[in-house]
Amino acid sequence: MKQPFFYDITLRDGNQALKKPWQLADKKIIFEKLLDLNVQAVEVGFPASSDMDFEACRELSKMAPSNLVVSGLARCVKSDIISAIDAISVAKTPRVHTFLTLSPFHVKYVLDKTPEEARKIAVDAVKFAYDELIKTNKNGQIQFSVEHFGDCIENLDFVIDTLKEIVQMGACVLNLPNTVERTHPSEFVKMIEKVRNEIDESVIISVHNHNDLGMATATTVESYFKGAVQLECALNGLGERAGNTNFYEVAVALHNSGVDVPVDLSKIYETALTVAQMAKVPIWEKAPLIGPDALAHRSGIHQDGAYKTKDMEKGAYRPIHPSLIGRNDDEKLAITSQSGKTAIFEVITHAGYPITIQEAVRLAPIVKNAAEKVGELPTSSIIDIYFNETFNVKGDFKLVRFDYLKGDTFTFDFFYKDKEFKVEGKGNGPVDACVQALKKSGFDVKLLHYEQSAIDEEIMGSTSVAMTVVHLEDKNGAEIIARARHGSTAVANIKAIFNALNIIYKNK
Ligand code: KIV
Ligand code: ZN
């Protein structure tokens, strides 16, 4: 399989569809980006379209490195061809790209010609272009495009015969566009395969697909596997109407299929941002690979898979590792009513706060409930919920007072629902003593684990804060994790236990 040859059309087909076409300075910036991407050919413009475009084509041709094919578009009209030659022949490898429709519909209704007349115009133009270009640059090449090739199913044999003649006149590249995406991928690639099989192998077959129905990438990629080596693509998919084939999608799709893609993929993301800004065509939120939202996961199932595979090359729910295209690894777990525990755990942990998965499970319905009302929640709202529901759990237990009597004896007053309890407990440390006192009052919990730590004051926004984490077992054997924080260790301890009680006895 031959390496794909990336022929970029951003500066011509992309540019002609802009609300404000680029001037030379803009084209230079995009041209540099194309060189950074390491494309093999650039169609720099349509020199006959305006003096401005002629100048831009000439300047870019001067800047072009020797290994780059520089192409200029020309209708099958002598003055266009001369203009293109004048603009680009200074390049080391200039290419005149001339085109004519051979589709029965267009030949009849747009050109108002017979098929034979159209054929003669194309053949004569290619001969003229070749003879003139070769006089000025012996490396010159001629590319011929069958505009509306996708509409040529019914006269494909005629098209192929014409192309054979065009090759004899000097064209070395035959470009076969789906000018308006009316022909679906499998049908189009059969046509490509037929042309490939009937045209001399030395001639490069190219495809140029517009994206009217959103299948241009598929058509281009599949055409490559049928022998179309030159792939005409545009950065950010710019181009007439719904645009041209998106460069990035084709490059990455081929890379993912194991093809050796001669492009610096790591430059894609940065290029996309520049192009969007310069074209004043924002990147659609959901644009494949480059969309601002293309790395977000909102459903709990996807969030769980994404989290579990986040450090792996292949992620559970992404086509590539973002670094392949030079994008930060900012797979985002966004929280909505569809989200789950994993995302809550990840968002809180990422913000620098302590949480366990069990606590995230408990927070999930509260977060979902909040998100149902407003949609996606910002991190600050999730953290507010975390603080309220973790460090200050509301419920039927209300601590009134506590005190050490002596040594390991502990006394405290609290309300459960409306009943007041005044209790005293003795145990292996104050937390155990507290649990013993609760048991005596009929609240049967068992202390499984207890830990104390100091919390980074910057994170918790206060000075010298102690945090207590307790694991209690309820009378059904379920383990409940609760935590509390306070400037005093003793207060943090007892608050942690009361937070746990309010979780255990919720709705009882
Ligand atoms: O879409 C098209 O057919 C074109 C040709 C000029 C190649 O842009
Ligand atoms: Zn086009």
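Residues numbered from 1 in each chain as written. Chains lettered and ligands numbered in written order. Predicted model: local features only at pLDDT ≥ 70, side-chain atom pairs only at ≥ 80, totals over all residues.

**Digging into the overall build of the protein**
Where we set the bar: Numbering of helices and strands starts at the N terminus; helices are DSSP runs of H or I of at least 4 residues and strands are runs of E of at least 2. Buried residues are those with 20 or more other C-beta atoms within 10 Å of their own C-beta, exposed residues have 12 or fewer, and partly exposed residues lie in between; C-beta atoms are placed from the backbone. Residues are scored as being in contact if the C-beta atoms we place from backbone atoms lie within 7 Å.
Looking only at helices and strands, the protein has 18 helices and 16 strands in total. Taking the principal axes of the C-alpha coordinates as reference, the protein spans close to 110 × 40 × 35 Å. Buried positions account for 44% of the 508 residues belonging to the protein. Looking at the protein alone, contacts between residues at least 24 apart form 63% of all its contacts between residues at least 6 apart.

**Describing the site of ligand 1**
Keep this limit in mind: Whether a residue is near a molecule or strand depends on its C-beta atom, generated from backbone atoms, being within 6 Å of that molecule or strand. Think of it as three bins: nonpolar holds Ala, Val, Leu, Ile, Met, Phe, Trp, Tyr, Cys and Pro, charged holds Asp, Glu, Lys and Arg, and polar takes everything else, Gly as well.
Residues in contact with ligand 1, as listed here, are Asp13, Phe99, Ser145, Glu147, Asn175, Pro177, Thr179, His208 and His210. Counting only elements with at least two residues in the shell around ligand 1, the list comes to strand S5 (141-147) and strand S6 (171-178). Along the lines of polarity and charge, the residues of the shell around ligand 1 split into two nonpolar, five polar and two charged.

**So, unusual backbone geometry**
The phi dihedral of Asn38 falls on the positive side, at around 70°, and the residue is not glycine. Topologically, Asn38 is positioned in the loop between helix H2 (24-37) and strand S2 (41-45). Of note in this structure, Lys280 is not a glycine but carries a positive phi near 55°. Note on placement: Lys280 falls in the loop between helix H11 (268-279) and strand S9 (296-297). Judged by the 9 C-beta atoms lying within 10 Å of it, Lys280 is exposed.

**Considerations on the packing of helix H13 (residues 341-350) against helix H15 (residues 379-391)**
To keep things clear, this is the line we draw: Every axis in this analysis is a line fitted to C-alpha atoms, fitted for helices over the stretch in contact. Angles between the N-to-C directions lie between 0 and 180 degrees. Put simply, angles under 35 degrees are roughly parallel, angles over 145 are roughly antiparallel, angles from 65 to 115 are roughly perpendicular, and the rest are oblique.
Where H13 contacts H15, the axes come no closer than 10 Å and their chain directions differ by 95°. Classified by the angle between their axes, H13 and H15 sit roughly perpendicular to one another. Of the residues in H15, those touching H13 at Ile344, Val347 and Ile348 are Thr379, Ile382, Ile383 and Tyr386. Residue composition of the contact of H13 with H15, grouped by class: six nonpolar, one polar and no charged.

**Focus on the domain arrangement of the protein**
Let me state the cut-off plainly: Note that the domain bounds were set by an automatic or database domain assignment.
The assigned domain composition of the protein is domain 1 (5-263), domain 2 (296-390) and domain 3 (397-504). Taking the mean C-alpha position of each, domain 1 and domain 2 sit 45 Å from one another.

**Considering the environment of Phe5**
As for its placement among the helices and strands, Phe5 is situated in strand S1 (residues 5-8). Separated by 91 residues in the primary sequence, Phe5 and Val96 place their C-alpha atoms 17 Å from one another. Residues within four places of Phe5 in sequence aside, it is in contact with Gln40, Ala41, Val229, Gln230 and Leu231.

**As for helix H12 (residues 300-308)**
Within H12 the residues assigned to the buried category are His302, Gln303, Asp304, Ala306 and Tyr307. Elements that come into contact with the buried residues of H12 comprise S9, strand S10 (332-333) and H13.

**With respect to the sheet that holds strand S13 (residues 419-426)**
Stated formally: Strand pairing follows a simple DSSP-based rule, namely that at least 2 bridges must link the two strands.
Spatially, S11-S12-S13 is the arrangement adopted by the three strands of the open sheet, whose pairing is antiparallel. Both edges of this open sheet fall to strand S11 (397-404) and S13, since each of them pairs with a single strand only. Neighbour to neighbour, the strand axes of the sheet diverge by 20° on average, direction disregarded. Helix H16 (residues 430-440) contacts strand S12 (409-416) and S13 of the sheet and is inclined by roughly 130° relative to S13.

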